[in-house]
Amino acid sequence: MDAIILQILNGLDKGGAYALIALGLTLVFGTLGVVNFAHGALFMLGAFCAVTFNKLLTLEKVTVDPTQLTPWGTPAEIKTSLVEAWLGEFGKVLVNYSVPVSIIVAIPVMLIIGIVMERGLIRHFYKRPHADQILVTFGLAIVLQEIIKHFYGANPIPQAAPTAFSGTAQVGMLLGLGDAIPYPWWRLIYLFFSLAIIGIVFAFLQFTTYGMVVRAGMRDRETVGLLGIDIERRFTVVFGIASVVAGLAGVMYTPVLPPDYHMGMDFLVLSFVVVVVGGMGSLGGAVAAGFLLGILQSFASMNEIKSIIPGIDQIIIYLVAVVILLTMPRGLMGRKGVMED
Amino acid sequence: MFGNLSRQDWVMFLGFSAVVLLAPILFQPIGAAYPAILEKFCIFGLFAIGFNILFGLTGYLSFGHAAFLGVGSYATVWSFKLFTMNVIPAIAMSIIFAGIFALVIGFISLRRSGIYFSILTLAFAQMSYNMAYSVLTPLTNGETGLQLTLKDPRIVDAMFITPGTGLPRSTLFGLEISGGGLGGFYFTAAALIIGFYISLRIFRSPFGLMLKAIKSNQNRMRYTGFNTRPYLMAAFVISGIYAGLAGSLMAAVDPLAGPERMQWTASGEVVLMTILGGVGTLIGPVIGAAIIKYFENIFSGFNETALNSVFSFLPHTLRDPLVKLLSLFVGEGWSLTLGLVFMAIVIFLPGGIMEGVRLIASLFKKGGNGNKPAVSGHAQPAE
């Protein structure tokens with residue numbers, strides 16, 4: 001029982017990342033009708049927002065103090081963090097909390113990146129065939145990840161979670177099961193964070209007039225345009241939102257997985273599978289399939305299961321996708337009429 | 001048998017063969033006349049021709065063709081290890097395995113079209129890559145890659161030849177293929193020419209027309225009573241076999257195989273080659289492959305010192321920022337250049353180099369007799 005709960009929890013945080021990326025992919029596909037192969041790159045850029053913010057915060061001033069000597073007899077170098085020097089205790093807290101705080105930086109940055117991307121490139125591809133859209137966004141993904149590689153190197157850059165959350169939570173105690181189920185705090189936070197973001201996006205689409213117009217545009221873009229609404233502008237904003245969602249997923253994921261330049265593509269492939277399983281064009285399906293596949297993957301990586309079917313953890317997601325596509329071609333919750341052929 | 005090839009086709013085929021066979025002389029001036037790079041031109045040309053049979057004719061964009069390349073390479077190295085260093089059985093084995101693999105993947109992926117198809121093939125390729133890296137390590141030797149060793153059984157060779165010292169080289173009945181000689185190049189060149197001929201025949205055959213019809217309107221094909229699935233399946237398997245053959249040749253000229261050959265970047269590369277040369281044209285993919293491999297060779301060789309010496313005529317204040325900027329694009333940054341070129345081609349010249357050539361040619365024609373509008377030169381939308 002404990003093992004099962006633990007595996008479900010393990011799957012949920014990864015599933016959260018899948019769900020957030022797949023949500024953005026579906027949002028963009030549903031509104032703009034564009035398959036964005038650069039969406040994984042947005043996830044990666046978000047993660048590197050956190051890395052950059054952390055680097056800026058930990059910029060150090062090096063002073064040589066001739067009165068103190070190192071064990072080698074040379075004057076000791078004293079490194080003082082600029083932020084700590086300026087802000088004192090608050091600076092220390094800021095450095096400690098650099099990952100969550102960098103959300104504040106990431107939101108505008110990702111929004112701008114998303115809007116520039118849509119206005120500058122994707123807008124010109126609405127009328128082109130899907131293959132062209134895939135190809136140009138694929139090229140963009142390569143360019144973005146190579147730029148990141150140039151500036152940050154090829155090695156993963158680990159980011160620490162705030163010390164307050166770096167331990168493990170006794171989830172068993174919280175659930176009243178008595179037995180201890182140790183689970184890293186940060187992953188728990190990631191789970192709730194992703195749920196919150198998903199909730200916000202759904203609430204935005206469901207309960208605001210703006211969201212209503214966007215939903216209407218997803219259904220029938222021409223009619224909405226005929227009603228005198230500048231639907232293109234709304235869709236640009238939607239692309240920006242999708243970009244922010246992917247970016248935030250990346251920011252918060254950095255303590256779980258040290259970011260490197262190709263993490264975006266790794267996640268993108270899986271997120272596409274998630275979208276296909278959930279049903280192209282269905283937001284709910286994307287989220288549900290994201291969590292479902294995350295949990296399945298975590299169960300498949302249990303030793304008990306791996307000893308029966310070796311390597312199942314590597315391919316389970318793809319296998320599920322194949323089975324789903326063969327049995328229910330529209331995916332779990334696919335809408336009728338979206339990408340039917 | 002040769003009925004459906006026009007005189008023009010034969011001229012093109014003979015010209016193509018002549019250029020390929022004379023490549024060691026023709027490519028002398030651009031410094032690409034040594035076997036290693038010529039072999040690369042041929043192998044990737046073959047890969048791109050095969051990919052073009054699927055993407056160019058049917059419009060199905062596969063993002064997982066590198067998986068077949070990898071399977072071909074592994075099969076070849078295993079044939080070298082187990083049976084003989086002769087390349088013929090190795091190639092036969094690669095073709096069989098790549099064909100079966102393509103049959104399985106095609107059977108599932110071709111149930112969907114458009115984006116779904118691209119995603120499914122991408123997923124399969126990633127799955128193969130992941131498995132080659134982890135579970136299948138006994139078969140693939142994981143990250144290190146599959147290599148020849150001195151302890152390999154080589155059953156057939158052991159019966160006829162007394163093994164020499166050191167690792168044996170792959171041969172074609174005595175003619176050395178691996179080892180960087182011209183033998184390897186002519187072998188790959190022969191494969192390329194045969195591959196090109198088959199692709200030419202497919203393009204001109206009723207089967208090829210059927211595939212083109214699927215690209216332009218699959219629904220209409222279905223309404224007229226054609227079951228399109230078998231045609232798509234055949235195209236997919238053929239193009240998978242081409243990829244397997246390319247992988248096999250890759251392993252024949254340099255007997256090792258690693259999982260990175262199956263990664264999505266490798267699949268993306270062949271898409272890029274085809275697009276750059278011209279989708280749906282016969283020669284385009286080969287040209288695209290040669291251009292990319294040639295510039296990869298040149299660009300990745302550059303570094304900051306080399307750039308500094310190139311721009312040594314400039315004053316320091318100008319040179320330093322320029323070299324800094326250009327070093328983004330050369331050496332390690334070659335992929336960045338590739339990505340940018342890729343985007344530029346897709347955005348501005350979706351027909352690739354062949355369309356560019358046609359546009360320029362039509363410009364000249366227009367200059368020749370001004371009263372005739374050059375209709376044929378206009379870019380036609382793909383769908």
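Cut-offs and rules
Residues numbered from 1 in each chain as written. Chains lettered and ligands numbered in written order. Predicted model: local features only at pLDDT ≥ 70, side-chain atom pairs only at ≥ 80, totals over all residues. Helix = DSSP H or I, 4+ residues; strand = E, 2+ residues; numbered from the N terminus. Rg over C-alpha atoms; globule rule 2.2 N^0.38 Å. Buried ≥ 20, exposed ≤ 12 C-beta atoms within 10 Å, placed from the backbone. Contact = placed C-beta atoms within 7 Å. Domains from an automatic or database assignment. Nonpolar A, V, L, I, M, F, W, Y, C, P; charged D, E, K, R; others polar. pLDDT = per-residue confidence, 0-100. Core = buried A, V, L, I, M, F, W, Y, C linked by C-beta atoms within 7 Å. Axes fitted to C-alpha atoms, helices over the stretch in contact; angles between N-to-C directions. Parallel < 35°, antiparallel > 145°, perpendicular 65-115°, else oblique. Left-handed = near helix turned anticlockwise from the far one by under 90°. Expected span 1.5 Å × (residues − 1).

> Any chance you could explain the overall build of chain A here in plain terms?
Helix and strand counts for chain A stand at 15 helices and four strands. Relative to a compact globule of 341 residues, whose C-alpha radius of gyration would be 20 Å, chain A shows 22 Å and is just as compact. Its C-alpha atoms give chain A principal-axis dimensions of roughly 75 × 50 × 35 Å. Per-residue burial for chain A yields a buried fraction of 46% across its 341 residues. Counted over contacts in chain A with a minimum sequence separation of 6, partners at least 24 positions apart contribute 74%.

> Just checking my understanding: could you explain the overall build of chain B for this structure?
The helix and strand inventory of chain B stands at 18 helices and four strands. Computed over C-alpha atoms, the radius of gyration of chain B comes to 22 Å, within 12% of the 21 Å expected from 2.2 N^0.38 for 383 residues, which places it in the range of a compact globule. C-alpha atoms of chain B, sized along the principal axes, occupy 75 × 70 × 40 Å. Across the 383 residues that make up chain B, the buried fraction comes to 45%. Taking contacts inside chain B between residues at least 6 apart in sequence as the whole, the part at least 24 apart equals 76%.

> What's the story with the environment of Arg330(A) in this structure? I'm lost.
Checked against the element boundaries, Arg330(A) lands in the segment after helix 15 (312-327). Taking the C-beta count within 10 Å as the criterion, Arg330(A) has 19 such neighbours and is therefore assigned partly exposed.

> Quick question: what am I supposed to make of the interface of chain A and chain B here?
It is common to report an interface's size as the accessible area lost on association of the parts. Of the residues lining the interface, 33 residues belong to chain A; the matching set on chain B comes to 38 residues. Among the elements of the structure, helix 6 (130-152), helix 12 (263-278) and helix 15 of chain A are those that each provide at least two residues to the side of chain A that touches chain B. The biggest single contributor to the side of chain A that touches chain B is helix 6 of chain A, with 14 residues.

> Would you explain the domain arrangement of chain B in this entry?
Residue and element names in this part refer to chain B. Parsing chain B into structural domains produces domain 1 (7-301), domain 2 (303-348) and domain 3 (351-383). For domain 1 versus domain 3, the distance between C-alpha centres works out to 32 Å. With nine residues of domain 1 in contact, the opposing surface of domain 3 contributes five residues. Those elements giving two or more residues to the side of domain 1 that touches domain 3 turn out to be helix 13 (264-277) and helix 14 (284-301). Along the lines of polarity and charge, the residues of the side of domain 1 that touches domain 3 split into four nonpolar, five polar and no charged.

> I'm lost on the environment of Gly284(A) in this one. Help?
Along the chain, Gly284(A) turns up in helix 13 (residues 283-300). Along the sequence, Gly284(A) and Leu332(A) sit 48 residues apart, while their C-alpha atoms lie 9.6 Å from each other.

> Please clarify how the confidence of the model for chain B should be interpreted in this entry.
Caution applies to low-pLDDT regions: their predicted coordinates should not be interpreted in detail. Residues at a pLDDT of 70 or more form 93% of chain B, whose mean pLDDT is 83. Interface scoring of the predicted complex returns ipTM 0.79; its pTM is 0.84.

> Would you mind going over the nonpolar core with me for this structure?
For soluble globular proteins, nonpolar side chains are generally found buried alongside one another. Counting residues in hydrophobic clusters, the biggest one holds 207 residues, and the most contacted among them are Leu23(A), Val273(A) and Phe47(B). Examining the composition of this core, we find that 15 residues originate from one element, helix 12 (residues 228-253) of chain B, more than from any other. The residue makeup of this core includes at least three contributed by each of domain 1 (7-301) and domain 2 (303-348) of chain B. If we ignore the near neighbours within four places in the chain, the residues touching Leu23(A) are Ile198(A), Val201(A), Val245(A), Leu283(A), Ala286(A) and Val287(A).

> It is not clear to me how the packing of helix 4 (residues 66-82) of chain B against helix 12 of chain B should be interpreted in this structure. Could you clarify?
The description of two helices packed together rests on the angle between their axes and the distance between the axes. Residues and elements named next belong to chain B. Packing of helix 4 against helix 12 leaves a shortest axis separation of 7 Å and a crossing angle of 45°. By the angle class used here, helix 4 and helix 12 are oblique. Note on packing geometry: the crossing formed by helix 4 with helix 12 is right-handed. When helix 4 is examined against helix 12, the residues Phe68, Leu69, Gly70, Val71, Gly72, Ser73, Ala75, Thr76 and Val77 are found in contact with a partner set consisting of Gly240, Ala243, Gly244, Leu245, Ala246, Gly247, Ser248, Met250, Ala251 and Ala252.

> Mind showing me how you'd approach the packing of helix 3 (residues 35-58) of chain B against helix 12 of chain B here?
All names here are of chain B. For the pair helix 3 and helix 12, interaxial distance at closest approach is 9 Å and the crossing angle is 170°. Put simply, helix 3 runs roughly antiparallel to helix 12. Residues Glu39, Ile43, Leu46, Phe47, Ile49, Gly50, Phe51, Ile53, Leu54, Leu57 and Thr58 of helix 3 touch helix 12, and the partners they reach there are Leu232, Ala235, Phe236, Ile238, Ser239, Tyr242, Ala243, Leu245, Ala246, Leu249, Met250 and Val253. Of the residues belonging to the contact of helix 3 with helix 12, the class tally is 19 nonpolar, three polar and one charged.

> How should helix 5 (residues 87-109) of chain B be read in this particular structure?
Because the α-helix completes a turn every 3.6 residues, residues three or four places apart line up on one side. All names here are of chain B. Across its 23 residues, helix 5 extends 31 Å between first and last C-alpha, which sits within 8% of the 33 Å expected from 1.5 Å per residue. Of the positions making up helix 5, those classed as buried are Val87, Ala90, Ile91, Met93, Ser94, Phe97, Ala98, Phe101, Ala102, Ile105, Gly106 and Ser109. Looking at the packing, one finds that the buried side of helix 5 touches helix 4, helix 6 (114-133), strand 2 (171-172) and helix 12.

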